[in-house]
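# Structural description and commentary
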Amino acid sequence: MNVIVFNCGSSSMKFQIIETDMEKIESDKDVMLAKGLIERLGSQSLVTFQIEGKPTVKEALPLRDHRAALNYIMKWVTSDETEIPGINGLEDIHAIGHRVVHGGEKFKSSCRIDNEVIQGIEDCIDLAPLHNPANLKGIYAAREIFGPSVPQVAVFDTAFHSTMPESVYLYAIPYQLYRRFKIRKYGFHGTSHRYIAYRYRVLTNTNRENCNIITLHLGNGSSACAIKAGNSIATSMGFTPLEGLVMGTRCGDIDPTVIEYLAHKEGSSVDEVFSILNKRSGVLGISGLTNDMRDLLEEIEEHQDRRAKLAVDMFCERIKKYIGAYIASMNCCDAICFSAGIGENSAKIRERTCENLDFLGIKLDPKLNKQAVGGKEMRISSEDSKIAVYVIPTNEELVFARDTVRVVLNIPKPWH
Ligand code: AMP
């Protein structure tokens, strides 16, 4: 089965075409055939397409919106020159998977998209005003282009965290506010945390019930997740993806009083303050230089920039705080798994994060840690580390595709 998966942002659209079915899933033989990214929708868009094993194609052209982008992608995918194995026309795409950021309390697993599901995603727009509308645009565009006979599946970022207990997901505000407005912690990056936990189980031959780990998705957006007996029992992002770790441009945990105080001092609106907390904070805000961790680390290396160092210190310190908190609430932890752009590539950040945690039984092997770059999946802790440490590259697109297969084939059991 050829599945195309879409990850639509407000001004971007990512896709992958993956050849997969239950047999391929069980033997881990899914094949990624092609992928692409269109950025800056609505102006001069940047297009990057790649067929597996062939050079990347890049171009710039104006694409008005998600529909125009999807049209352009499908024209490229099906054109005679493109030559994606097994794909000659639209009819060779058998199912479509969509990342949907917010499923609220309604969606606890992936599901086939029909009018009721679309309504459910629309109902969650209030909770994710930037993300869900973009995801819906992708869904509408795909419906128009592929027609109603090609099944579409929604895979929710929040779903994996639906197992968090009430005592963890509630904020300590009047309970009626949760009842009336559903104000609670939802958590995000669920597909990624779920995939990392699945790979950990495969790597270590651990069954779901015995999977007690902390997963760290450290990218431009970052979050930590405590996984006990295979289920998410706590995660650092909250009502929105602003809570938790220090990120590229987001502040993470902060005393909410700052918002009112800052609005008052600057004479700005609440929206303006949130724009600061979402777009101008995090390591960018502290360093005053960049949100890009690689550039920040280079700056420290080359110029010993004090604020760049401070930003990195704060980034690692916050992760450490969550590791400690999660170990305390899990009462058992077999491994810590680093993932995403920073977690998969930066030995320095992993080293800094695990520094002085030996009293908890966390000890990195410096040599292994340095080897784990560029998508390697491996253990990086020393033999005598009580809690193992792994680098596990994430692959959210694969989860979108596999969930799509499972839902389309009506297989009730998850693929892992
Ligand atoms: P993601 O959002 O998962 O794509 O991750 C993006 C982040 O990963 C950016 O901050 C990049 O600078 C960071 N990153 C990628 N490669 C490296 C590297 N080799 N060292 C440090 N950070 C990196």
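The structure we're discussing is the one just above.
Report on the accompanying structure. (Residues numbered from 1 in each chain as written. Predicted model: local features only at pLDDT ≥ 70, side-chain atom pairs only at ≥ 80, totals over all residues. Heavy atoms only, no water.)

## Notes on the packing of aromatic side chains
- Here the structure, examined in full by the defined rule, presents 11 aromatic pairs.
- Ring centres of F15 and F49 lie 5.7 Å apart, and the angle between their planes is 70°; on these two criteria the pair is classed as edge-to-face. In this pair, F15 sits in strand β2 (residues 13-19) while F49 sits in strand β4 (residues 44-51), placing the two residues 34 residues apart along the sequence.
- You can call F49 buried: its relative accessible area is 0%.
- Here F15 and W76 contribute two aromatic rings whose centre-to-centre distance is 6.5 Å and whose plane-to-plane angle is 65°, an arrangement assigned as edge-to-face. With a gap of 61 residues between them, F15 in strand β2 and W76 in helix α2 (residues 66-78) connect regions that are remote in the sequence. Neither F15 nor W76 differs from the other in exposure class; each is buried.
- Every member of this aromatic cluster is reached through a ring pair, and the members are F15, F49, Y72 and W76.
- Just above the ring of Y169 sits the side chain of R184; from NZ or CZ to the centre is 3.7 Å. (Phe/Tyr/Trp six-rings, centres within 6.5 Å; stacked < 30°, edge-to-face > 60°. Helix = DSSP H or I, 4+ residues; strand = E, 2+ residues; numbered from the N terminus. Buried < 20%, exposed > 50% of the residue type's maximum accessible area, 1.4 Å probe, protein only. Lys NZ or Arg CZ within 6 Å of the ring centre and 35° of its normal.)

## Comments concerning unusual backbone geometry
- Unusually for a residue other than glycine, N356 sits at a positive phi of about 60°.
- Structurally, N356 can be placed in the loop between α14 (347-354) and α15 (366-371).
- Residue class for N356 comes out exposed when judged on its relative accessible area of 58%.
- A positive phi is found at N410, a non-glycine position, where the angle reads about 60°.
- Topologically, N410 is positioned in the segment after α16 (396-408).

## Here we look at helix α11 (residues 293-303)
- When we look at burial in α11, the residues that qualify are M293, L296, L297 and I300. Burial along α11 is one-sided: seen end-on, the buried residues are contained in an arc of 95°. Turned more than 90 degrees away from the buried face of α11 sit R294, E302 and H303, all of them exposed.
- Within two residues after α11, Q304 carries a phi angle of roughly 50°, on the positive side. (Arc of directions from axis to C-beta.)

## Here we look at the pairing of strand β5 (residues 57-62)
- Sheet analysis places β4 next to β5, joined by six bridges and oriented antiparallel. Its bridge partner being in β5, L46 is matched across the sheet by A60. (Pairing = 2+ DSSP bridges.)

## As for the environment of R179
- As for its placement among the helices and strands, R179 is situated in helix α6 (residues 175-181).
- Accessibility expressed as a relative area gives 59% for R179, which makes it exposed.
- Taking the C-alpha atoms as reference points, R179 and H416, 237 residues apart in sequence, are found 33 Å from one another.

## A few points about the site of the ligand
- For the ligand, the full set of nearby residues is G219, N220, N291, D292, M293, R294, L297, A340, G341, I342, N345 and S346.
- Within the backbone of N220, one N or O atom sits 2.9 Å away from an oxygen atom of the ligand.
- The contact in question runs from an oxygen atom of the ligand to an N or O atom on the backbone of R294, over 3.0 Å.
- For the ligand, the protein covers 72% of the area, taking 500 Å² as the surface of the free molecule.
- Looking at the shell around the ligand, the elements with two or more residues in it are α11 and α13 (340-345).
- Among the elements that make up the shell around the ligand, the one with the highest residue count is α13 (four residues).
- Its residues assigned to classes, the shell around the ligand shows four nonpolar, six polar and two charged. (Near = heavy atom within 4 Å. Polar contact = N/O pair within 3.5 Å; in protein donor to acceptor, adjacent residues only side chain to side chain. Areas by Shrake-Rupley, 256 points an atom, 1.4 Å probe, with all protein chains shown as cover. Nonpolar A, V, L, I, M, F, W, Y, C, P; charged D, E, K, R; others polar.)

## Some details on the pairing of strand β1 (residues 2-8)
- Within β1, seven of the seven residues are buried, which leaves it mostly tucked inside the rest of the structure.
- Of the two faces of β1, the one carrying N2, I4, F6 and C8 and the one carrying V3, V5 and N7 are both buried.
- Summarising the sheet, β1 and β2 pair through seven bridges and their orientation is antiparallel. Across the sheet, the residue bridging to I4 is I17, located in β2.
- As consecutive antiparallel partners, β1 and β2 are separated by four residues.
- Relative to strand β6 (residues 95-100), β1 runs parallel, the two being bridged by four bridges. Within the sheet, the bridge partner assigned to F6 lies in β6 and is H98.

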